[in-house]
Amino acid sequence: MKEEKKKLLAKVAYMYYQQDFTQAQIAKELKIYRTTVSRMLAQAKQLGIVEITINHFDPTLFSLEDQLKKIYQLKHIEIAPVEAGMSAEEKEESLAKTAASWLRRQLTDECVIGVSWGESVGNTVSHLEAKSVNNATIVPIVGGPSHINSRYHVNTLVYELARKLNGHSVFVNATVTQETKQLAKGIFQSKYFQELREYWQQLDMAIVGIGGPLSYKKSQWRDLLTEEDYEELRLREAIGDCCCRFYDRHGKLLKGKLDQRTIGLPLETLAEIPQSVGIARGTAKARSIVPLLKQGYLNTLITDQETAQEILRITEEGISSKIE
């Protein structure tokens, strides 16, 4: 390319990026077409005449988001940064701030939002700044925990989110796991539960946590499971749970006695909601997150950098094994 051409490309780039000229102004100043200006700016980047640097943020984060979004055909993905030396509490707070900021941008009038539980979901609600939304309705999509493990009780999260949105809240008055399938069925089909059932069919968004492998200690509800439940889940190689519904590494739902005793939104219904949002972090949970993405139960993921990197590694590992 002739030097005169390079100089013109550099001049166009300087006017656009340094002098804040619009493309129309540059076209008028240099007596060229506006479409030519656009093409020249693109060419200046291709030739390295212009190099764009994003300061105060790691651009690899955006690249990671883009890769996972394309692989799993996600509607949205947000990844919280992780810096060296951060404690688990600091990582959790970073995730909560990222999730709360994203959630606040999505909230609209007349929205019906379903909420499950968990530390990450609870922290997100805590960090959410109040926003005036007309006629929002917040409902639980799982039953409650046991009385000894109620820090992030779903009704508490529903109430707090509704308060911040000046919305309407509906509560659940049943634990997530019942003693028998007949009892669970009776509750679900009862007149008292009718309002919740109807709202579950109208959800615009569901905000859910993701439970890790059976060995994962930080659970808000698994103390309700019996030893027989655990044995069945181990035999069927459960990898995680969402809305208190267990699945294996392939995303196959583990239908059985426990599932029949569970008060929670079915994952098949979760997949049909316009925005099904999973909020979770931790490399130990990465293998629990992947099946939900593969099967399309979640179309939005909010996680942190190290978890996203592990999800990508597991995904690429799976692709490589299929090729071999």
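Residues numbered from 1 in each chain as written. Predicted model: local features only at pLDDT ≥ 70, side-chain atom pairs only at ≥ 80, totals over all residues. Heavy atoms only, no water.

Time to look at the overall build of the chain. Counting its regular elements, the chain contains 14 helices and 9 strands. With respect to the three principal axes, the spread of C-alpha positions in the chain is 80 × 55 × 35 Å. A burial count over the chain gives 50% of its 324 residues as buried. Across the chain, the fraction of contacts at a sequence separation of at least 24, relative to all contacts at a separation of at least 6, is 71%. (Helix = DSSP H or I, 4+ residues; strand = E, 2+ residues; numbered from the N terminus. Buried < 20%, exposed > 50% of the residue type's maximum accessible area, 1.4 Å probe, protein only. Contact = heavy atoms within 4.5 Å.)

Another point: the nonpolar core. By size, the foremost hydrophobic cluster in this structure holds 85 residues, and its most contacted members are Ile 113, Leu 161, Leu 165, Phe 246, Leu 267, Leu 270 and Ile 311. If near-sequence neighbours (up to four positions away) are discounted, Leu 165 is found in contact with Leu 107, Ile 113, Leu 128, Lys 131, Val 133, Ala 136 and Ile 138. Counting residues in hydrophobic clusters, the runner-up holds 9 residues, among them Leu 9, Ala 27, Val 37 and Leu 41. (Core = buried A, V, L, I, M, F, W, Y, C linked by side-chain atoms within 4.5 Å.)

Okay, a nonpolar patch on the surface next. Where nonpolar side chains cluster on the molecular surface, the patch consists of Tyr 17, Ile 52, Ile 54, Phe 57 and Phe 62 and spans about 470 Å² of accessible area. On the secondary structure map, Tyr 17 appears in helix H1 (residues 3–18). (Patch = residues over 30% accessible without salt bridge, like charges linked within 9 Å, V, L, I, M, F, W, Y side chains within 5 Å. Areas by Shrake-Rupley, 256 points an atom, 1.4 Å probe, with all protein chains shown as cover. Salt bridge = Lys/Arg side-chain N within 4 Å of Asp/Glu carboxyl O.)

A few words now on the pairing of strand S7 (residues 245–248). Both faces of S7 are covered, namely the face carrying Arg 245 and Tyr 247 and the face carrying Phe 246 and Asp 248. The pairing of strand S6 (residues 238–242) with S7 spans 4 bridges and is antiparallel. Looking at the pairing, Ala 238 lines up with Asp 248 of S7. Taking the residues that link successive antiparallel strands as the turn, the S6-S7 hairpin has 2 residues, and the phi of Cys 243 there is positive, at about 55°. (Pairing = 2+ DSSP bridges.)

To continue, consider the side chain of Ser 288. Relative to the elements of secondary structure, Ser 288 occurs in helix H13 (residues 286–294). A relative accessible area of 0% means that Ser 288 is categorised as buried. Those residues in contact with Ser 288, other than ones at most four positions away along the chain, are Ile 210, Gly 211, Gly 212, Pro 213, Ile 239, Gly 240 and Tyr 247.

Attention shifts here to the domain arrangement of the chain. When its domains are assigned, the chain resolves into domain 1 (3–47) and domain 2 (59–321). For domain 1 and domain 2, the distance between their C-alpha centroids amounts to 48 Å. (Domains from an automatic or database assignment.)

In a regular helix each residue adds 1.5 Å, so 19 residues correspond to 27 Å; helix H5 (residues 88–106) covers 27 Å between its end C-alpha atoms and thus fits that length. Three or more residues of H5 are buried, namely Lys 91, Glu 92, Ser 94, Leu 95, Ala 96, Thr 98, Ala 99, Ala 100, Trp 102, Leu 103 and Gln 106. (Expected span 1.5 Å × (residues − 1).)

Our focus in this paragraph is the pattern of salt bridges. Side-chain pairs of opposite charge can arise whenever the charged atoms involved come near each other. A full pass over the atoms with the stated rule returns 20 salt bridges. For Asp 229, the salt bridge is made with Arg 261, and the minimal N-O distance between the two is 2.9 Å. With a gap of 32 residues between them, Asp 229 in helix H10 (residues 227–235) and Arg 261 in the loop between helix H11 (257–260) and helix H12 (267–270) connect regions that are remote in the sequence. Summarising the burial analysis for this pair, Asp 229 and Arg 261 share the class buried.

Inspection of the entire model under this criterion finds 1 cavity of 30 Å³ or more. Computed from the structure, the largest cavity encloses a volume of approximately 40 Å³. Along the walls of the largest cavity sit Cys 244, Arg 245, Phe 246, Leu 254, Leu 258, Asp 259 and Thr 262, which together make up its complete lining. Of the residues contributing to the lining of the largest cavity, the split by class is 4 nonpolar, 1 polar and 2 charged. (1 Å grid on protein atoms, 1.4 Å probe; cavity = no way out; pocket = protein on both sides within 12 Å on 5 of 7 lines; lining within 4 Å. Points joined across faces, edges and corners; volume = space filled by probe spheres on them. Nonpolar A, V, L, I, M, F, W, Y, C, P; charged D, E, K, R; others polar.)

What follows concerns the sheet that holds strand S3 (residues 137–140). Across a sheet, strands are paired by hydrogen bonds formed along the backbone, either parallel or antiparallel in direction. Read from one edge to the other, the open sheet built from 7 strands follows the order S1-S9-S8-S5-S2-S3-S4, with strand pairing classed as parallel. Two strands in the sheet have a free side with no partner beyond their single neighbour: strand S1 (76–80) and strand S4 (168–169). The pairing of S3 with S4 spans 2 bridges and is classified as parallel. Each bridged residue has a counterpart across the sheet, and for Thr 137 the counterpart in S4 is His 168. Contacts from helix H7 (residues 154–165) reach strand S2 (112–115), S3, S4 and strand S5 (205–208) within the one sheet, and its direction differs from that of S3 by about 175°. (Axes fitted to C-alpha atoms, helices over the stretch in contact; angles between N-to-C directions.)

Before going further, it helps to examine the packing of H1 against helix H3 (residues 34–46). Interaxial distance between H1 and H3 falls to 9 Å at its minimum, and their mutual angle equals 105°. Taken together, H1 and H3 sit at an angle that is classed as roughly perpendicular. Where H1 abuts H3, its residues Lys 5, Leu 8, Leu 9, Val 12, Ala 13, Tyr 16 and Tyr 17 lie against Val 37, Met 40, Leu 41, Gln 43, Ala 44 and Lys 45. Looking at the contact of H1 with H3 residue by residue, the classes come out as 10 nonpolar, 1 polar and 2 charged. (Parallel < 35°, antiparallel > 145°, perpendicular 65-115°, else oblique.)

Where helix H6 (residues 119–127) meets H7, the closest approach of the two axes is 9 Å, and the angle between their N-to-C directions is 25°. Viewed along their axes, H6 and H7 adopt a mutual orientation that is roughly parallel. In this structure, H6 crosses over H7, and the sense of that crossing is left-handed. Residues Val 121, Gly 122, Val 125, Ser 126 and His 127 of H6 lie in contact with H7, whose contacting residues are Leu 157, Glu 160, Leu 161 and Lys 164. For the contact of H6 with H7, the per-class residue count stands at 4 nonpolar, 3 polar and 2 charged. (Left-handed = near helix turned anticlockwise from the far one by under 90°.)

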